[in-house]
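# Structure assessment
Residue strings, one per chain:
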Amino acid sequence: MPERPYTLVSCGMSLDGFLDDGSEDRLLLSNDADFDRVDELRARSDAILVGAATVRNDNPRLLVRSDERARGRCARGLPEQPLKVTVTRRAKLDPDSRFFTAGSGPRLVYCASDTVDMARGQLEPVATVVDGGCPVALDRVCADLRDRGVRKLLVEGGGETHTQLLTQGLVDELHLVVAPLFVGEQAATRFVGPGAFPFSGRRRARLVETRAIGDVVLLRYALSPRFRPDAW
Ligand SMILES: NC(=O)c1ccc[n+]([C@@H]2O[C@H](COP(=O)([O-])OP(=O)(O)OC[C@H]3O[C@@H](n4cnc5c(N)ncnc54)[C@H](OP(=O)(O)O)[C@@H]3O)[C@@H](O)[C@H]2O)c1
């Protein structure tokens, strides 16, 4: 097995297991205190990975928001902001989206071999495009990130990306925040899609913490033997 970064999946979901609703606007599942907790996770990460649909739908900045935390990173000898990473098959990404424009740190796009030239043409001024093979295998992406110096990888969605990482056993720790609302839409995106997950009725995941944060609850799970309570 190639080496890979310590990988933490962090996401919020509704009581009925959805990451978002079908509306144009991003559904806010967390509250201010929880967003601040996630900012601390970002500040401690080397890289933040999201799927291309999250880049398109949510247009996230994926930055450490607190100036103090960003300065703290510099004081620890880290870049001010973590590396931003996405994966795509179709390479239909807008170079003006905030993934590419917000912050001055580097961005990596792992792209399928057959669209890599198109991606380079569109994105090379704002990102480094890496040929991720065909199809792009996330275990190789993780190994390549490790080779690039990423030791702590924070994954922030969406469902398709979670599903691959979880079914392939590439996640060490899960932070799942449950928000007190229902989405109730068949077509909305679930926390994960169908798949053969390593945790099932026969083998349960290990719950290591529950924490009420205002009106949401954080469930923290250890998903690999590499889990350490203080790894992050
Ligand atoms: N509640 C939360 O915490 C949270 C966090 C993040 C996102 N979300 C929500 O989740 C939704 C998006 O989730 P999603 O499941 O639709 O998608 P996603 O996981 O964000 O992205 C899926 C896309 O990523 C690319 N991709 C994923 N795996 C790939 C692979 N192995 N090789 C090549 N490309 C790959 C493909 O991009 P191409 O289509 O470009 O080929 C694919 O369509 C958004 O609506 C967002 O609001 C919620």
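Just so we're clear, the structure is a prediction, and the values are computed from it rather than from any experiment.

Moving on to the side chain of threonine 88. Within the element layout of this structure, threonine 88 appears in strand E3 (residues 83–88). The exposure class assigned to threonine 88 is buried, which follows from its relative accessible area of 6%. Ignoring anything within four residues of it in the chain, the contact list for threonine 88 reads Ala52, Leu93, Val109, Tyr110, Cys111, Ala112 and Val136.

The final tally for this structure, using the stated rule, is two aromatic pairs. Plain terms: the ring middles of tyrosine 6 and tryptophan 232 are 6.2 Å apart, the flat faces sit at 50° to each other, and that makes the pair tilted. Taken as a pair, tyrosine 6 in strand E1 (residues 6–13) and tryptophan 232 in the segment after strand E9 (216–222) lie far apart in primary sequence, 226 residues in all. Here tryptophan 232 falls in the buried class, since its relative accessible area comes to 11%. Between phenylalanine 99 and phenylalanine 100, the aromatic rings sit 4.9 Å apart at their centres with planes inclined by 75°, giving edge-to-face as the arrangement. A relative accessible area of 0% means that phenylalanine 99 is categorised as buried. Judged by relative accessible area, which is 2%, phenylalanine 100 ranks as buried.

This part takes up the nonpolar core. If you look at the biggest cluster of nonpolar residues, it comprises 31 residues, and the most contacted ones within it are Val85, Tyr110, Leu145, Leu153, Leu165 and Phe191. Every element with two or more residues in this core is listed here: E1, strand E2 (47–51), E3, strand E4 (107–111), helix H6 (138–147), strand E6 (152–155), helix H7 (159–167) and strand E7 (173–178). It is H6 that contributes the most residues to this core, four residues altogether. Setting aside its immediate chain neighbours within four residues, tyrosine 110 contacts Val85, Thr86, Val87, Thr88, Val130, Val136, Val141, Asp144, Leu145 and Arg148.

The next subject is the environment of phenylalanine 197. As for its placement among the helices and strands, phenylalanine 197 is situated in the loop between E7 and strand E8 (206–213). Given the relative accessible area of 26%, phenylalanine 197 is considered partly exposed. For the pair phenylalanine 197 and valine 55, spaced 142 residues apart in sequence, the C-alpha separation works out to 25 Å. Among residues more than four places away in sequence, those in contact with phenylalanine 197 are Thr163, Leu166, Thr167 and Val192.

With that settled, the discussion passes to the sheet that holds strand E5 (residues 128–131). Whenever strands of a sheet pair, they do so through backbone hydrogen bonds, lying parallel or antiparallel. With respect to topology, nine strands assemble into an open sheet ordered E5-E4-E3-E2-E6-E1-E7-E9-E8, the strand pairing being mixed. Each edge of the open sheet is held by one strand with a lone partner, namely E5 and E8. Averaged over all adjacent pairs, the angle separating strand axes in this sheet is 20°, with direction ignored. Examined bridge by bridge, E2 and E6 share three bridges and lie parallel to one another. For alanine 47, the partnering residue across the bridge sits in E6 and is leucine 153.

Right, let's talk about the side chain of lysine 152 for a bit. Its location among the elements puts lysine 152 in strand E6. The side chain of lysine 152 sits in the buried core without any salt bridge; aspartate 46 is the nearest counter-charge, 6.4 Å away. Here tryptophan 232 takes part through its backbone oxygen, which lies 3.5 Å from a polar atom of the side chain of lysine 152. Those residues within four positions of lysine 152 in sequence are excluded, and the remaining contacts are Pro5, Tyr6, Arg44, Ser45, Asp46, Ala47, Ala231 and Trp232.

Moving on, we get to the site of the ligand. Residues in close proximity to the ligand total 25 residues, the closest being Thr54, Asp58, Thr88, Thr161 and Gln164. Contact between the ligand and alanine 53: an oxygen atom at 3.2 Å from a main-chain N or O atom of the residue. Within the side chain of aspartate 58, a nitrogen or oxygen atom sits 2.6 Å from an oxygen atom of the ligand. Protein contact buries 90% of the 930 Å² of open area that the ligand shows by itself. For the shell around the ligand, the secondary structure elements donating two or more residues are E1, helix H2 (52–58), E3 and H7. Counting residues per element, the shell around the ligand draws most heavily on H2, at six residues. Here the shell around the ligand is composed, by residue class, of seven nonpolar, eleven polar and seven charged.

Rules behind the numbers
- Residues numbered from 1 in each chain as written.
- Predicted model: local features only at pLDDT ≥ 70, side-chain atom pairs only at ≥ 80, totals over all residues.
- Heavy atoms only, no water.
- Helix = DSSP H or I, 4+ residues; strand = E, 2+ residues; numbered from the N terminus.
- Buried < 20%, exposed > 50% of the residue type's maximum accessible area, 1.4 Å probe, protein only.
- Contact = heavy atoms within 4.5 Å.
- Phe/Tyr/Trp six-rings, centres within 6.5 Å; stacked < 30°, edge-to-face > 60°.
- Core = buried A, V, L, I, M, F, W, Y, C linked by side-chain atoms within 4.5 Å.
- Pairing = 2+ DSSP bridges.
- Axes fitted to C-alpha atoms, helices over the stretch in contact; angles between N-to-C directions.
- Lys, Arg positive; Asp, Glu negative; His and termini not counted.
- Salt bridge = Lys/Arg side-chain N within 4 Å of Asp/Glu carboxyl O.
- Polar contact = N/O pair within 3.5 Å; in protein donor to acceptor, adjacent residues only side chain to side chain.
- Near = heavy atom within 4 Å.
- Areas by Shrake-Rupley, 256 points an atom, 1.4 Å probe, with all protein chains shown as cover.
- Nonpolar A, V, L, I, M, F, W, Y, C, P; charged D, E, K, R; others polar.

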